[in-house]
Amino acid sequence: MYELKSDTIDIKNIFPQVIESLFMEDENVVYLDADLMNSFGTGGLPEKYPDRAIDMGIQEANMVGVAAGMSSEGKKPYVHSFGPFVSRRVYDQVFMSAAYAKNSVRIIGSDPGITAAYNGGTHMPFEDVALYRAIPGATIFDIVDAAQFEKVIRMVRDNEGVTYIRTPRKATRKVYEPAEIFNIGEAKVLKDGNDVTIIASGFMVAEALTAAGELDKTGISAAVIDPVTIKPIDASCIVKHAKKTGAIVTAENCNINGGLGDCVASVLAANYPIPMEKVGVQDEFGEVGTIDYLKERFKLTSGQILKQVNKVIGRKAGI
Amino acid sequence: MNKELEIKTKEFAKSIRLAQINMFRTLGFGHIGGSLSVTDLIAVLYESIMRYDPNNPKWYNRDRLVVSKGHAGPALYSALALKGFFPLSWLDSLNKGGTNLPSHCDRNKTPGIDMTTGSLGQGASTALGMSMALKKTGQNVFLILGDGECNEGQVWEMALSAVQHKAGNLIGFVDCNHKQLDGKTEDILDMGDIAAKFNVFGWYTQTVNGHNVSQLYEAIRNAEQNACDRPSMIVMETVKGKGVALVEEIEFNHHITLSAEQASQAIEEINKQEN
């Protein structure tokens, strides 16, 4: 069982050191940003690394194309902007210049879903996972906490194809210790259980662990799984727990159309169909507010997970 | 350009045109107009400018070419086959299932193709990325844009960015054949003075007759010597379908059919052209 702790480190404050150490390790690593370096802690890097930390200005499409061109010459680009601007805004560039052309680009989309908070609906990507899922060969991470972020940024350095990392910029609830090892396509079972399996990504992992703790008190044993990568999805882990618990609830900071829930549903439909319910954004646009307000507004809470768990257990029992 | 090289380059352009017509005859249709309009440039690049090795298409020290108007693939495939990058027999496979020569350029399928293109405007940025990656090692990156393609905002994002990042090894061309799929560029989305636009963005800009191999050659050499750390744009005045009267005469000649009889007529016409 993984314990939830509070974390005071903002993810954006980790990135500069991580990318700098990657610069040291590998002369081909480059980092491009679209005028959001000061929002991502990297404002000081271009002066120090003028050819490797490059501010491309407010030109996300050009930035992704430039990164793809650099990849074709052996560079290992990381690019960053807010989630919507490195997903829906540049979908064709990511699709053709990077993925289709077999250029390898690591794309960091910050402030996923409601974590865009005061920036509101225009900046609040609920659809990015669905978009990236439809790109052949893409790898998708939905970051849980700072420890996972650091490990993922390092581990994708040599990853081929398009890698999309949706990550909060601010401190999150802490789930993982720095020593945790992650692998692409390998889920983490954060808590074992017998009655229901909760599969959650991003900040919903913390909500899932909280919900599982509440369920324990009522005698319901819930497993909690972080898929780590939404694509490729760890189908064997999902099927194993589907067989063991007979009911699944997914929880994601995304539109329920095309996100983690749909991904899990595809695995179940093909391998072991059992009752399943989703927690996620119910096909709506975002809006402004605090994280706490938005969690309630879009029902991205441990309370909503509990409701769906009760519903799915009822279905399992044929009620 | 000395006379000998000029004659050789014109002869090569003729061979590229003939090879293209044969490709289109085999298929019966294709992007004939825009492939013929860049043919003289492709001939200049592969006969007299670019450093490359057909036996080692990925040779690191080679110059790069990004044909961002990816539908001009057939002109490039003809040049690459004639230069020995792959067998001439491949040309008969244009656009057939399983081919290595798709309608739009694909760097993973065709030896000698440096970048995948097809969604217009995107080759502009990938070429810039390549030039930034190669800035210290001295290879040139050549980029071919269409005038219709310049409708795309991404071209102008790149135009700003290339100056900012001092892409002096990037030499671009705009194939101004004055037509896009739906009609004349001035009727669809008038680009006005494209050279003046690039110039005001800070590019080293020249305008040439895109069918005059000597002018093209001199403009490229001039750009190499004088642009310094500025990117270069060579705006080419061209004719869509150049070199084949029956294609030139068709008003909407972006993607057209070509019968065996028309192909024979075209081949006869190309063969008659004097160097």
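Residues numbered from 1 in each chain as written. Chains lettered and ligands numbered in written order. Predicted model: local features only at pLDDT ≥ 70, side-chain atom pairs only at ≥ 80, totals over all residues. Heavy atoms only, no water.

### What about the sheet that holds strand 9 (residues 188-191) of chain A?
All names here are of chain A. As summarised here, the arrangement of the five strands in space is 9-11-10-13-14, forming an open sheet in which the pairing is mixed. Each edge of the open sheet is held by one strand with a lone partner, namely strand 9 and strand 14 (276-281). Each strand of the sheet is rotated relative to its neighbour by a mean of 25°, with strand direction disregarded. Two elements, strand 13 (residues 248-255) and strand 14, share five bridges in a ladder whose sense is parallel. Within strand 14, the residue paired with Asn255 across the bridge is Val281. Helix-sheet contacts for helix 11 (residues 302-316) involve strand 10 (196-200), strand 13 and strand 14, and the interaxial angle to strand 14 is about 160°. (Pairing = 2+ DSSP bridges. Helix = DSSP H or I, 4+ residues; strand = E, 2+ residues; numbered from the N terminus. Axes fitted to C-alpha atoms, helices over the stretch in contact; angles between N-to-C directions. Contact = heavy atoms within 4.5 Å.)

### Quick look at the packing of aromatic side chains
In this description, a pair of aromatic rings is defined by centroid distance and the angle of the planes. One pass over the structure, following the stated rule, counts 18 aromatic pairs over all chains. With a centroid separation of 5.3 Å and an interplanar angle of 65°, the aromatic rings of Phe126 of chain A and Phe298 of chain A are classed as edge-to-face. Of the two residues, Phe126 of chain A is situated in the loop between strand 5 (105-110) and helix 5 (128-133) and Phe298 of chain A in the loop between helix 10 (291-297) and helix 11; the sequence distance between them amounts to 172 residues. The burial state of Phe126 of chain A is the same as that of Phe298 of chain A; both residues are buried. Taken together, the ring pairs connect Phe15, Tyr31, Phe40 and Phe149 of chain A into an aromatic cluster. We note Arg106 of chain A situated over the ring of Tyr78 of chain A; from NZ or CZ to the ring centre the distance is 5.7 Å. Looking at Arg64 of chain B, its charged tip hangs above the ring of Tyr60 of chain B, at a distance of 5.5 Å from the centre. (Phe/Tyr/Trp six-rings, centres within 6.5 Å; stacked < 30°, edge-to-face > 60°. Buried < 20%, exposed > 50% of the residue type's maximum accessible area, 1.4 Å probe, protein only. Lys NZ or Arg CZ within 6 Å of the ring centre and 35° of its normal.)

### A closer look at empty space enclosed by the protein
All told, the structure shown has three cavities of 30 Å³ or more when counted by the stated rule. By volume, the largest cavity amounts to about 60 Å³. (1 Å grid on protein atoms, 1.4 Å probe; cavity = no way out; pocket = protein on both sides within 12 Å on 5 of 7 lines; lining within 4 Å. Points joined across faces, edges and corners; volume = space filled by probe spheres on them.)

### Focus: the interface of chain A and chain B
Counting from both sides, the interface comprises 24 residues of chain A and, opposite them, 26 residues of chain B. Both sides together, the interface formed by chain A and chain B hides about 2000 Å², and carbon and sulfur atoms give 51% of it. On inspection of chain A and its partner chain B, the count reaches two salt bridges. The partner of Lys136 of chain B in a salt bridge is Asp51 of chain A, and the shortest N-O contact between them spans 2.8 Å. There are 14 residue pairs in polar contact (both at pLDDT 80 or more) connecting chain A and chain B. Only strand 3 (53-55), helix 3 (60-72) and helix 4 (91-100) of chain A provide two or more residues apiece to the side of chain A that touches chain B. When residues in the side of chain A that touches chain B are grouped by element, the largest group, nine residues, is from helix 3 of chain A. Of the residues belonging to the side of chain A that touches chain B, the class tally is nine nonpolar, eight polar and seven charged. (Buried area = accessible area lost by both parts, 1.4 Å probe. Salt bridge = Lys/Arg side-chain N within 4 Å of Asp/Glu carboxyl O. Polar contact = N/O pair within 3.5 Å; in protein donor to acceptor, adjacent residues only side chain to side chain. Nonpolar A, V, L, I, M, F, W, Y, C, P; charged D, E, K, R; others polar.)

Bear in mind that shape data such as this cannot, by itself, settle questions of function.
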